[in-house]
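Topology and contacts: notes
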Number of protein chains: 2
Amino acid sequence: MFVKKKKIETVDTREQLLETAAKLFGEKGFEAVSTRELAKEANVNIAMIAYYFGSKEGLFKAMIEERFPKSVAHLRNIQKHEGSAWDKISAVIDLYLERIMSNSSFHKLIFRELSLEQRPEHRDLILSGIEKNWEVIKTYIREGQESGDFKEDIDMELTIASVFGTIFQLINMPCWTIRLLGEKDEKFVKSEALKIRLKKHLKDMMKAHLFSKQYSEKIPPSV
Amino acid sequence: MFVKKKKIETVDTREQLLETAAKLFGEKGFEAVSTRELAKEANVNIAMIAYYFGSKEGLFKAMIEERFPKSVAHLRNIQKHEGSAWDKISAVIDLYLERIMSNSSFHKLIFRELSLEQRPEHRDLILSGIEKNWEVIKTYIREGQESGDFKEDIDMELTIASVFGTIFQLINMPCWTIRLLGEKDEKFVKSEALKIRLKKHLKDMMKAHLFSKQYSEKIPPSV
DNA sequence: AAAAAATAATTAAACGTTTGATTAAATTAA
DNA sequence: TTAATTTAATCAAACGTTTAATTATTTTTT
């Protein structure tokens, strides 16, 4: 035997399962994917699910627990950003869009999970992971208000809902987006073109929404 | 015999199944609900699903096909509204919020279906139902632009995405909303208080987003 | 109007299949 | 060898669906 299989291979098996789980659960939903289908797609024996994760649920949970922290952690780096409150908010929009668009099937899954009245444990895990990010955004809005740049009477929470809602609406429902924008190619949803267009729209809308009237001429042009 | 049982009884069985299907599929997702569970919840024999709808899929399809048209038909009434372009857009926001909030589990289901790569037939049905509404909104925005009230450089499609996205984000993921707003009661998501707050936020944001600078003082106060 | 026939609605039980999970044996790595 | 990993075979339970029998209602016949 020339090429001995190393232990690296076994890590691969585990990782293969996690990766395939993220993909298939994201596309079809947890219950719609059978362990056989998942194992086959991952080129792995069914029993490996039980071996590494105990159960199908265990695989699901592990996948979320391992991927989610990585997915949200990045936001913290924003705080080191310099510049005005608006610069920071602009950076948050950029960062979120990058993260979500490069990880869309996982994010689909995450937010579908929140819409279901199943598996409350997952909901708690997810929510406690993302609520920290809300606080960061709120801090920036307050910062802008204190400097007099932003309006005082902003509904901060619903503003956050609008930013995320806009992104999720477009990214989590590709067929909706394709139809709305009159595109032909399914892949447009993952394209740089949409990313740029979405960034511009969000920043334009948020600028108009956040800035006080008297400061409106000071607003920097978007992109 | 005083009260003869009429055929009305059998329509009840069918209707019971449709109603329960909308509720359970909305809460848990199609695959997560078994025919036994559904039949039990509807107080109906399992075989009735096959009898009236052919299959579980058939029940799902029938439920969407019968409910969805009613759900979109109401929207058409907007066109009869009088007043400025803004008045009409304001009316659209009001109407959508009323519709979606009073029918939230069905709308959850509709839009979860769009996020899944299952059952393309459903997606087509849903999308062709809602795309007419986009055109109505676009017409109003153009109307406002032609009268000089609205900005010219608005990304119309993504503006639509923002309106719907904001609503769906809050209504389709109740636990997210509860957490974001720091509420205790799960029922807040269906409350009049949220509806009013959401209307105000959406109108404020859209006003700032749509109106030209020189007309901003003309904008009527929201609510 | 009453009896008979036909149709529609409902039931409990069982169908074959697929599900997630487990086993015990085989293979590989250390 | 010993422990870790992978395999094919197997399990009971749950799945969606179908069945054959029964009850309820409507229609037809007399």
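If you're wondering where the values come from, they're calculated on a predicted model, not measured in any experiment. (Residues numbered from 1 in each chain as written. Chains lettered and ligands numbered in written order. Predicted model: local features only at pLDDT ≥ 70, side-chain atom pairs only at ≥ 80, totals over all residues. Heavy atoms only, no water.)

**Some words on the overall build of chain A**
Within chain A one finds 11 helices and zero strands. Element order for chain A, N to C, with α for helix and β for strand: α-α-α-α-α-α-α-α-α-α-α. Here the analysis covers contacts within chain A between residues at least 6 apart in sequence; of these, 65% occur between residues at least 24 apart. Accessible surface computed for chain A: about 10,700 Å², of which carbon and sulfur atoms make up 52%. (Helix = DSSP H or I, 4+ residues; strand = E, 2+ residues; numbered from the N terminus. Contact = heavy atoms within 4.5 Å. Areas by Shrake-Rupley, 256 points an atom, 1.4 Å probe, with all protein chains shown as cover.)

**Brief notes about helix α10 (residues 174-181) of chain A**
Most of α10 of chain A is tucked away, with seven of its eight residues classed as buried. Directly beyond the C-terminal end of α10 of chain A, a positive phi value near 65 degrees is found at G182 of chain A. (Buried < 20%, exposed > 50% of the residue type's maximum accessible area, 1.4 Å probe, protein only.)

**Brief notes about the interface of chain A and chain B**
One widely used convention gives an interface's size as the accessible area the parts lose upon coming together. Taken together, the 53 residues of chain A in the interface contact 53 residues of chain B. A buried area of about 4,700 Å², summed over both sides, lies between chain A and chain B, and 62% of it is on carbon and sulfur atoms. Connecting chain A to chain B are eight salt bridges. Taking the shortest distance from any N to any O, the salt bridge between E131 of chain A and R179 of chain B comes out at 3.0 Å. Seen at the junction of chain A and chain B, the total is 16 residue pairs in polar contact (both at pLDDT 80 or more). Broken down by secondary-structure element, the contributors of at least two residues to the side of chain A that touches chain B are α1 (8-28), α7 (104-115), α8 (120-146), α9 (156-172), α10 and α11 (192-210) of chain A. Among the elements that make up the side of chain A that touches chain B, the one with the highest residue count is α9 of chain A (13 residues). (Buried area = accessible area lost by both parts, 1.4 Å probe. Salt bridge = Lys/Arg side-chain N within 4 Å of Asp/Glu carboxyl O. Polar contact = N/O pair within 3.5 Å; in protein donor to acceptor, adjacent residues only side chain to side chain.)

**Remarks on the relation of the copies chain A and chain B**
Placing chain A over chain B gives an RMSD of 0.1 Å and needs a rotation angle of 180 degrees, together with 0.0 Å of translation along the axis. What the superposition gives is, in effect, a two-fold axis relating one chain to the other. Residue G165 of chain A of chain A places its C-alpha closer to the rotation axis than any other residue of that unit, at 2.1 Å. (Least-squares fit on C-alpha atoms with pLDDT ≥ 70 in both.)

**Details of the packing of aromatic side chains**
Inspection of every chain in the model, using the stated rule, returns 24 aromatic pairs over all chains. Each ring, one from F25 of chain A and one from F60 of chain A, has its centre 5.1 Å from the other, and the planes form 70 degrees; the classification is edge-to-face. Of this pair, F25 of chain A sits in helix α1 while F60 of chain A sits in helix α4 (residues 56-73), and the two are 35 residues apart along the sequence. Assigned by exposure class, F25 of chain A and F60 of chain A land together as buried. Geometrically, the ring pair formed by Y96 of chain B and F164 of chain B is edge-to-face, given 4.7 Å between the ring centres and 85 degrees between the ring planes. Of the two residues, Y96 of chain B is situated in helix α5 (residues 85-101) and F164 of chain B in helix α8 (residues 156-172); the sequence distance between them amounts to 68 residues. An identical accessibility class is assigned to Y96 of chain B and F164 of chain B; each is buried. One aromatic cluster is present, built from ring pairs that chain together Y96, F111, W134, F164 and F168 of chain A together with W176 of chain B. The ring of F30 of chain B has K56 of chain B lying over it, and the distance from NZ or CZ to the ring centre is 4.5 Å. (Phe/Tyr/Trp six-rings, centres within 6.5 Å; stacked < 30°, edge-to-face > 60°. Lys NZ or Arg CZ within 6 Å of the ring centre and 35° of its normal.)

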